[in-house]
Amino acid sequence: MAPKGRGGRKVVVPESFFEALGIRLVKDFGPNAAESLLYEIGRDAGKAYARSAVHGLGREIGTEDGVRTLLRRFGEFGWAQIRFVSLDTPSKFAVVEWREGVGVPRGGSPVPVCHLGRGLLSGAAEVAFGAPCDAIETKCQAMGADHCEIVVGVPDRVSRIAEGAE
Ligand SMILES: [Zn+2]
């Protein structure tokens, strides 16, 4: 069992757990409710994770270096192979490549499916940037893309991307 840190107990589960969870939520609650449940669960986990990282660092994350360190740690936990396509710390905005995300099928979906991943990033970004954040997925491996791409940051900027203005 993993040690009990400030962020509470951490449990390792097989990847199949996440795919099964997504399928089950869609089946029982429909795609819209499943999407927001996964996103909110992800956000809570992302915030908790970032807060425990802040505690571990002993300082706020809000520098570019701090944000990069946080993302690297996320990758080490096995959520995905993650890298920044762009990072604008002063503007509290980033584009993240999310490759081989946990529980993400390769192709076959008409819509992006990484609601848990986008939630994790938006929750963590909220703590790291110190401002309310949102996240949208602009490419998804489940739709046949080479990798997933998640735009995360302050809602104004993210919604401009969603509307295709940037
Ligand atoms: Zn995806």
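Up top you'll find the structure we're talking about.
A quick note: this is a predicted structure, and the numbers were derived from the prediction, not measured.

Visitor: For this particular structure, what's the right way to read the overall build of the protein?
Guide: Secondary structure summary: the protein contains 5 helices and 4 strands in total. Start at the N end of the protein and walk to the C end: the helices and strands fall as α-α-α-β-β-α-β-β-α. Whereas a compact globule of 166 residues would reach a radius of gyration of roughly 15 Å, the protein reaches 15 Å, a difference of no more than 12%. By residue count, 37% of the 166 residues in the protein fall in the buried class. When contacts within the protein are restricted to residue pairs at least 6 apart in sequence, those whose partners lie at least 24 apart make up 57%.

Visitor: Any chance you could explain the sheet that holds strand S1 (residues 81-88) here in plain terms?
Guide: Pairing between sheet strands relies on hydrogen bonds along the backbone, with the strands arranged either parallel or antiparallel. Taken together, 4 strands build an open sheet; the order of strands is S1-S2-S4-S3 and the sheet is antiparallel. Each end of this open sheet is capped by a strand with a single partner; those strands are S1 and strand S3 (134-139). Averaged over all pairs of adjacent strands, the angle between their axes in this sheet comes to 25°, without regard to strand direction. In this sheet, strand S4 (residues 148-153) lies alongside S3 in antiparallel orientation, the contact comprising 5 bridges. From the neighbouring strand, Ala135 faces S4, where its bridge partner is Val152. Where helix H5 (residues 155-162) meets the sheet, it contacts strand S2 (93-99), S3 and S4, and its direction lies at approximately 25° from that of S3.

Visitor: Even after reading the chapter, I still don't get the nonpolar core, so can you show me in this structure?
Guide: Within soluble globular proteins, side chains that are nonpolar tend to cluster in buried spots. Leu70, Cys114, Leu121, Ala124, Ala128, Ile150 and Val152 are the most contacted members of the largest nonpolar core, which totals 38 residues. Elements that contribute at least two residues to this core include exactly helix H2 (31-57), helix H3 (64-76), S2, helix H4 (115-129) and S4. When residues in this core are grouped by element, the largest group, 8 residues, is from H4. Filtering out sequence-adjacent residues up to four positions away, Cys114 remains in contact with Trp98, Gly101, Val104, Glu137, Cys140, Cys148 and Ile150.

Visitor: Quick question: what am I supposed to make of H4 here?
Guide: Owing to its 3.6 residues per turn, the α-helix brings residues three or four apart onto one side. Relative to the 21 Å expected for 15 residues at 1.5 Å per residue, H4 spans 20 Å between its end C-alpha atoms, a close match to the ideal helical length. When you tally the buried positions in H4, you get 15 out of 15 residues, the bulk of the element. Following H4 by one or two positions, Gly130 adopts a phi angle in the positive range, close to 65°.

Visitor: How should the pairing of S2 be read in this particular structure?
Guide: Pairing between S1 and S2: 7 bridges, direction antiparallel. Bridge pairing in S2 links Arg83 to Glu97. Count of turn residues in the S1/S2 antiparallel hairpin: 4 residues, of which Lys92 carries a positive phi of about 55°. Relative to S4, S2 is paired through 6 bridges, and the arrangement is antiparallel. Of the residues in S4, the one forming a bridge with Val96 is Ile150.

Rules of the game
Residues numbered from 1 in each chain as written. Predicted model: local features only at pLDDT ≥ 70, side-chain atom pairs only at ≥ 80, totals over all residues. Helix = DSSP H or I, 4+ residues; strand = E, 2+ residues; numbered from the N terminus. Rg over C-alpha atoms; globule rule 2.2 N^0.38 Å. Buried ≥ 20, exposed ≤ 12 C-beta atoms within 10 Å, placed from the backbone. Contact = placed C-beta atoms within 7 Å. Pairing = 2+ DSSP bridges. Axes fitted to C-alpha atoms, helices over the stretch in contact; angles between N-to-C directions. Core = buried A, V, L, I, M, F, W, Y, C linked by C-beta atoms within 7 Å. Expected span 1.5 Å × (residues − 1).

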